[in-house]
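# Summary of the model geometry
Each chain, written out:
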Amino acid sequence: MKFTAKRAVVSAVAAGAAVVAIGATVVATAADPVAPEVVVATPAEAGHENEGKYTAGDYVLHVHELNDDGEGMNTAIGPGTTYYSKTLHGAGTWRPTVVKFSAGRDADAPIVFAYPVPAPGRIVDCAASGTEAAPQVRCETKPAR
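My aim in this report is to walk through the structure given alongside it, one point at a time.

Definitions and cut-offs
- Residues numbered from 1 in each chain as written.
- Predicted model: local features only at pLDDT ≥ 70, side-chain atom pairs only at ≥ 80, totals over all residues.
- Heavy atoms only, no water.
- Disulfide = S-S within 2.5 Å.
- Helix = DSSP H or I, 4+ residues; strand = E, 2+ residues; numbered from the N terminus.
- Buried < 20%, exposed > 50% of the residue type's maximum accessible area, 1.4 Å probe, protein only.
- Core = buried A, V, L, I, M, F, W, Y, C linked by side-chain atoms within 4.5 Å.
- Contact = heavy atoms within 4.5 Å.
- Polar contact = N/O pair within 3.5 Å; in protein donor to acceptor, adjacent residues only side chain to side chain.
- Lys, Arg positive; Asp, Glu negative; His and termini not counted.
- Salt bridge = Lys/Arg side-chain N within 4 Å of Asp/Glu carboxyl O.
- 1 Å grid on protein atoms, 1.4 Å probe; cavity = no way out; pocket = protein on both sides within 12 Å on 5 of 7 lines; lining within 4 Å.
- Points joined across faces, edges and corners; volume = space filled by probe spheres on them.
- Nonpolar A, V, L, I, M, F, W, Y, C, P; charged D, E, K, R; others polar.

### Notes on the state of the cysteines
Evaluated as defined, the whole model comprises 1 disulfide. Bridging Cys126 to Cys139, the disulfide has an S-S length of 2.0 Å. Disulfide Cys126 to Cys139: torsion about the S-S bond roughly 115°, handedness right-handed. In this pair, Cys126 is assigned in strand β7 (residues 122-130) and Cys139 in strand β8 (residues 135-143), connecting sequence segments 13 residues apart. Neither Cys126 nor Cys139 differs from the other in exposure class; each is buried.

### Some words on the nonpolar core
Membership of the largest hydrophobic core comes to 22 residues, with the highest contact counts inside it found for Tyr54, Leu61, Phe101, Val137 and Cys139. Listed by contribution, the elements that provide at least two residues to this core are β2 (61-66), β5 (98-103), β6 (111-116), β7 and β8.

### Structural notes on the environment of Arg95
Secondary-structure assignment places Arg95 in the loop between β4 (82-85) and β5. In contact with Arg95, other than residues within four places in its own chain, are Asn67, His89 and Gly90. In terms of polar contacts, Arg95 uses its side chain to reach the backbone carbonyl oxygen of His89, at 3.1 Å. A polar contact of 3.3 Å, which involves the side chain of Arg95, links it to the backbone oxygen of Gly92.

### Observations regarding the side chain of Glu65
Tracing the sequence through the fold places Glu65 in strand β2. Within the buried set, Glu65 has no salt-bridge partner at all; the shortest N-O distance to an opposite charge, 11 Å, is to Arg95. A polar contact is formed between the side chain of Glu65 and the side chain of Tyr54, at a distance of 2.7 Å. At a separation of 2.8 Å, a polar atom in the side chain of Glu65 contacts the side chain of Ser85. Those residues in contact with Glu65 that lie beyond four places of it in its chain are Tyr54, Glu71, Gly72, Met73, Ser85, Thr87, Leu88, Trp94, Pro96, Val98 and Val99.

### A word on empty space enclosed by the protein
In this structure the tally under the stated criterion is 1 cavity of 30 Å³ or more. Roughly 60 Å³ of internal volume is contained in the largest cavity. For the largest cavity, the full set of lining residues is Pro43, Ala44, Glu45, His48, Glu51, Lys53, Tyr84, Ile123, Asp125 and Lys142. Taken together, the residues of the lining of the largest cavity break down into 4 nonpolar, 1 polar and 5 charged.

### A word on the pattern of salt bridges
One pass over the full model with this rule turns up 4 salt bridges. Between Lys86 and Glu51 there is a salt bridge whose closest N-O contact spans 3.2 Å. Here Lys86, found in the loop between β4 and β5, pairs with Glu51, found in the loop between α1 (5-30) and β1 (52-55); they are 35 residues apart in sequence, far enough to count as distant. We classify Lys86 as exposed; its relative accessible area is 67%. A relative accessible area of 10% places Glu51 in the buried class.

Structure representation (structure tokens):
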């Protein structure tokens, strides 16, 4: 095969595009993206007006309510149980901005899903499904009663 200037340019462009694509994938994977907020009209359950609701699947679900500095509250929820968080909108001067989830017995397990903390007057309702090896978490923002 004869190597020409045109082939050299085409090869260089293709190689450059591959490097950019791989770099973008690495950056996207390394970032901890937060799922977009899903708003529904169903209000919070009576008695839990300003609380977050988290329901575990068939595995231990770790809920991390964190502020912008990564500081916050961590709670482990047993399989098939529901937890209502009274700290969804903060305690004192501390205010969480994101709720992150991990699965399994290890509290430091990788984050599998992240969701923004809604504004005061709204709550978050999250439910886990799937398996510990392939967990799925779905959250919705609801108006407080």
